Amino acid sequence: RLPFSKTGTKSDLDTRIDFVVRKNNTIIRKIVEEVNQLTAGMRIFSIKFTADYRVSKTLNIRAFYDYVANSPYISTTFPTSNTNAGIQLRFTLSQ
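Nothing here was measured: the structure is a model prediction, and the numbers come from that model.

K.L.:
Explain the pattern of salt bridges here, please?
P.N.:
Two side chains of opposite charge can pair, provided their charged atoms sit close to one another. The tally for this structure, following the rule as stated, stands at two salt bridges. As a salt-bridge pair, Asp18 and Arg16 come within 3.2 Å of each other at their nearest N and O atoms. The residue Asp52 makes a salt bridge to Arg62 at a minimum N-O spacing of 2.7 Å. Of the two residues, Asp52 is situated in strand 3 (residues 35-54) and Arg62 in strand 4 (residues 59-72); the sequence distance between them amounts to ten residues. Arg62 sits in the partly exposed class, given a relative accessible area of 30%.

Have a look at this one:
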């Protein structure tokens, strides 16, 4: 946290970063023939970042960035990636 002071209201900049790497596999095992065959699966890589800043008691600003990439292990599906980014302003009417 980084404390900031502005006209008597204390504001904090809160940041958060999440990294995820996940591997999913589906394998068919033929025990009699001693054969293992990969039938489905993918590697998923994800980054999520948010930064929140409180300007006043009623106004909050958030910046965010999300990235997700899928890399399949078999050739019947395509690799995909999604990116989402933006700014959110939250104005609270209640106290």
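Having put the structure on the table, let's press on.
K.L.:
Help me understand the side chain of Asn70 in this model?
P.N.:
One can find Asn70 in strand 4. With a relative accessible area of 18%, Asn70 lands in the buried category. Not counting chain neighbours up to four residues away, the residues in contact with Asn70 comprise Met42, Arg43, Ile44, Pro79 and Thr80.

K.L.:
Sorry if this is basic, but what is going on with a nonpolar patch on the surface here?
P.N.:
A grouping of Ile17, Phe19, Phe49 and Tyr65 is seen on the molecular surface, where their side chains present a nonpolar patch of about 400 Å² in accessible area. Considering the arrangement of structural elements, one finds Tyr65 in strand 4. With relative accessibility at 35%, the residue Tyr65 sits in the partly exposed group.

Cut-offs and rules
Residues numbered from 1 in each chain as written. Predicted model: local features only at pLDDT ≥ 70, side-chain atom pairs only at ≥ 80, totals over all residues. Heavy atoms only, no water. Salt bridge = Lys/Arg side-chain N within 4 Å of Asp/Glu carboxyl O. Helix = DSSP H or I, 4+ residues; strand = E, 2+ residues; numbered from the N terminus. Buried < 20%, exposed > 50% of the residue type's maximum accessible area, 1.4 Å probe, protein only. Contact = heavy atoms within 4.5 Å. Patch = residues over 30% accessible without salt bridge, like charges linked within 9 Å, V, L, I, M, F, W, Y side chains within 5 Å. Areas by Shrake-Rupley, 256 points an atom, 1.4 Å probe, with all protein chains shown as cover.

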